[in-house]
Amino acid sequence: MNCIHAIFYGNVQGIGFRAHIRAKAISLGLYGWVKNLDDGSVESLICGNEDKIRELMKYAHKIPGAVIDRIVETPEKYDNINEFSIIH
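Computed from a predicted model, the values in this text were never measured in an experiment.

Once that is clear, we can look at the state of the cysteines. Scanning all chains against the criterion turns up 1 disulfide. Covalently, Cys3 is tied to Cys47 through a disulfide, its sulfur atoms 2.1 Å apart. Looking down the S-S bond of the Cys3 and Cys47 bridge, the torsion is 115°, so its handedness is right-handed. Of this pair, Cys3 sits in strand β1 (residues 2–11) while Cys47 sits in strand β3 (residues 42–48), and the two are 44 residues apart along the sequence. Overall, Cys47 belongs to the buried group, its relative accessible area being 0%.

Have a look at this one:
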């Protein structure tokens, strides 16, 4: 299983971004978490099939109200996650 750590920068808070990411991730059979950061960005760990991860990353740009300036992605080790959650 592949995992990436992603930080989304831009207008990504206060628009339901985390809920959209979680719902799409679940529909794609992905695992991980998503949370807001204090600097206005959103951080996520996304694990699963590489093609499905890429599909989720493309979807992020289509979330209503989201304006993504950049995404910083780094490979991550699999962390035995079995759900996709929003961390508050």
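Let us now look at the UniProt feature "active site" (unreviewed entry) in the chain. When the UniProt feature table is mapped to this numbering, "active site" (unreviewed entry) covers Arg18 and Asn36. Across 19 residues in sequence, these annotated residues keep their C-alpha atoms within 7.8 Å of one another, forming a single compact spot. Positionally, Arg18 belongs in helix α1 (residues 17–27). Of note, Asn36 is situated in strand β2 (residues 31–36). Beyond its immediate stretch of four places on either side in the chain, Asn36 contacts Gln13, Arg18, Ser41 and Val42. Within the structure, the side chain of Asn36 is placed 3.5 Å from the side chain of Arg18, a separation counted as a polar contact.

Membership of the largest hydrophobic core comes to 20 residues, with the highest contact counts inside it found for Phe8, Phe17, Ile21, Leu30, Ile46, Leu56 and Met57. Put simply, the parts of the chain that give this core at least two residues each are β1, α1, β3 and α2 (50–60). In terms of residues, this core owes the most to one element, α2, which gives 4 residues. The contact partners of Met57, leaving out residues within four places of it in the chain, are Ile4, Ala6, Phe8, Ile46, Ile71 and Glu73. Formed by 5 residues, the second largest nonpolar core is a distinct cluster that contains Cys3, Trp33, Cys47 and Ile81.

Glancing now at the packing of aromatic side chains. Going through the model one piece at a time under the given rule, you end up with 1 aromatic pair. Over the ring of Tyr59 we find Lys24; its NZ or CZ atom is 5.2 Å from the centre of that ring. Positioned above the aromatic ring of Tyr9 is the side chain of Arg70, whose terminal nitrogen or guanidinium carbon lies 4.1 Å from the ring centre.

Analysis parameters
- Residues numbered from 1 in each chain as written.
- Predicted model: local features only at pLDDT ≥ 70, side-chain atom pairs only at ≥ 80, totals over all residues.
- Heavy atoms only, no water.
- Disulfide = S-S within 2.5 Å.
- Helix = DSSP H or I, 4+ residues; strand = E, 2+ residues; numbered from the N terminus.
- Buried < 20%, exposed > 50% of the residue type's maximum accessible area, 1.4 Å probe, protein only.
- UniProt positions renumbered as here; feature names shortened; annotations may be inferred.
- Contact = heavy atoms within 4.5 Å.
- Polar contact = N/O pair within 3.5 Å; in protein donor to acceptor, adjacent residues only side chain to side chain.
- Core = buried A, V, L, I, M, F, W, Y, C linked by side-chain atoms within 4.5 Å.
- Phe/Tyr/Trp six-rings, centres within 6.5 Å; stacked < 30°, edge-to-face > 60°.
- Lys NZ or Arg CZ within 6 Å of the ring centre and 35° of its normal.

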